[in-house]
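# Understanding the architecture of this molecule
Residues per chain are reported as follows:
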Amino acid sequence: LYNKEYNWKEDIKMKLEVFEGKTKEEAKEKALEALNVSENEMFCKEEEIKGKLFKATTYKCSAIKISDIAEFLKGKLTELLNNMGIESQFETSVREEQINIKMYSDKNSILIGKNGQTLMAIQTVLRQMVHNEIGMYPYILLDVENYKEKKISNLERTAKRIAKEVQKTKIDVSLDNMNSYERRIIHNALTKFKNISTTSEGEEPNRHIVIRYVETEEE
């Protein structure tokens, strides 16, 4: 949890470690062994280095522990919240290459913003901060208590209800405009629905999902 004595004013840095090999696999194996982590505990950027003249092609793996990224984010989030004049506790966890950060504050409504816009903005800023340091965008799920969990459940429930209606009526349904995060939730929720496909249509910020009925070969 967040510690008020955390020195968020320190210049927090992350460092990529670079490993080379004759193959991508060899370079990655060197990174995993040196960092002493499993593959889903490490972020890496792989590059092919073309050999000149008689030199063979080699491969480079620039790697960092996801736990180090989480620590960086912890400091930067503390800094952001202090600049917003908000005291908050938060906890972090890493699961399947995704860094989950949950905030607890007496100003939840401010952190969430209208339709979650402030929360998404903070998440975007954090991802960009990481990219500025190491050139990679991490998978981050920033939440305020259980706001996003509830929103995901509601979106999934609504999508499945409408998909069942489309299965019965065979009439396509266009949903309201959604951001890319919300659209991805809908797509994932309906991947296994029989006779149903989902497509994103329109231009941002008016992009939306269409739930379509699809005939199968059997039919």
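Overview of the structure.

## Examining the pattern of salt bridges
- Taken as a whole and assessed by the stated rule, the structure comprises 13 salt bridges.
- In this structure, E71 engages K74 in a salt bridge whose closest nitrogen and oxygen atoms are separated by 2.9 Å. Placement of the pair is E71 and K74 together in helix α2 (residues 66-83), with a separation of three residues, close to one helical turn.
- Given a relative accessible area of 41%, E71 falls into the partly exposed group.
- Between E182 and K151 there is a salt bridge, with the nearest N and O atoms lying 2.7 Å from each other. Placement of E182 in helix α6 (residues 180-189) and of K151 in helix α5 (residues 147-169) is noted, with a sequence separation of 31 residues between them.
- Classification of E182 as buried rests on a relative accessible area of 11%.
- The class for K151 is partly exposed, based on a relative accessible area of 23%.

## Considering α5
- A rise of 1.5 Å per residue sets the reference length of α5, with its 23 residues, at 33 Å; its end C-alpha atoms lie 33 Å apart and thus fit the reference within 8%.
- Burial in α5 covers these residues: K148, L155, A159, I162, A163 and V166.
- Buried residues belonging to α5 abut α4 (117-134), β6 (139-144), β7 (173-177), α6, β8 (196-201) and β9 (208-213).
- The first or second residue beyond α5 is K170, which carries a positive phi of 60°.

## Observations concerning the packing of aromatic side chains
- Using the criterion set out here, one finds one aromatic pair in the structure.
- Geometrically, the ring pair formed by F43 and Y139 is edge-to-face, given 5.8 Å between the ring centres and 65° between the ring planes. One end of the pair, F43, is in strand β2 (residues 42-49); the other, Y139, is in strand β6, and 96 residues separate them in sequence.
- On the basis of relative accessible area, F43 is assigned to the buried category, the value being 9%.
- One cation-aromatic arrangement involves K148 over Y181; the distance from NZ or CZ to the ring centre is 4.9 Å.

## A short note on the nonpolar core
- One finds I69, L73, L77, M103 and L142 to be the most contacted residues of the largest nonpolar core, which totals 26 residues.
- Of all the elements in the fold, those that place two or more residues in this core are α2, β5 (98-105), α3 (108-112), α4 and β6.
- The leading source of residues in this core is α2, at seven residues.
- The contacts of L77, once residues within four sequence positions are left out, are F90, I101, M103, I122, L126 and L142.

## A closer look at the side chain of H208
- Its location among the elements puts H208 in strand β9.
- By relative accessible area, H208 is classed as buried at 16%.
- Every residue in contact with H208, bar those within four places of it in the chain, is listed here: S174, L175, D176, N177, R183, T199, S200 and E201.

## Here's the deal with unusual backbone geometry
- Even without a glycine there, the phi angle at N36 is positive, about 60°.
- Residue placement: N36 occurs in the loop between α1 (24-35) and β2.
- Under the relative-accessibility criterion, N36 is labelled exposed at 67%.
- The backbone of N115 shows a phi angle near 55°, a positive value even though the residue is not glycine.
- Relative to the helices and strands, N115 is located in the loop between α3 and α4.

## Points about the sheet that holds strand β3 (residues 58-65)
- Here three strands make up an open sheet; going across it, the order is β1-β3-β2 and the pairing antiparallel. Every other strand in the sheet has two partners, leaving β1 (17-21) and β2 as the edge strands with one partner each. Here the average twist between neighbouring strands, direction ignored, is 25°.
- Two elements, β1 and β3, share five bridges in a ladder whose sense is antiparallel. Counted as the bridge partner of F19 is C61 from β3.
- Those strands touched by α2 are β2 and β3, and its axis lies near 50° from that of β3.

How each quantity is defined
Residues numbered from 1 in each chain as written. Predicted model: local features only at pLDDT ≥ 70, side-chain atom pairs only at ≥ 80, totals over all residues. Heavy atoms only, no water. Salt bridge = Lys/Arg side-chain N within 4 Å of Asp/Glu carboxyl O. Helix = DSSP H or I, 4+ residues; strand = E, 2+ residues; numbered from the N terminus. Buried < 20%, exposed > 50% of the residue type's maximum accessible area, 1.4 Å probe, protein only. Expected span 1.5 Å × (residues − 1). Contact = heavy atoms within 4.5 Å. Phe/Tyr/Trp six-rings, centres within 6.5 Å; stacked < 30°, edge-to-face > 60°. Lys NZ or Arg CZ within 6 Å of the ring centre and 35° of its normal. Core = buried A, V, L, I, M, F, W, Y, C linked by side-chain atoms within 4.5 Å. Pairing = 2+ DSSP bridges. Axes fitted to C-alpha atoms, helices over the stretch in contact; angles between N-to-C directions.

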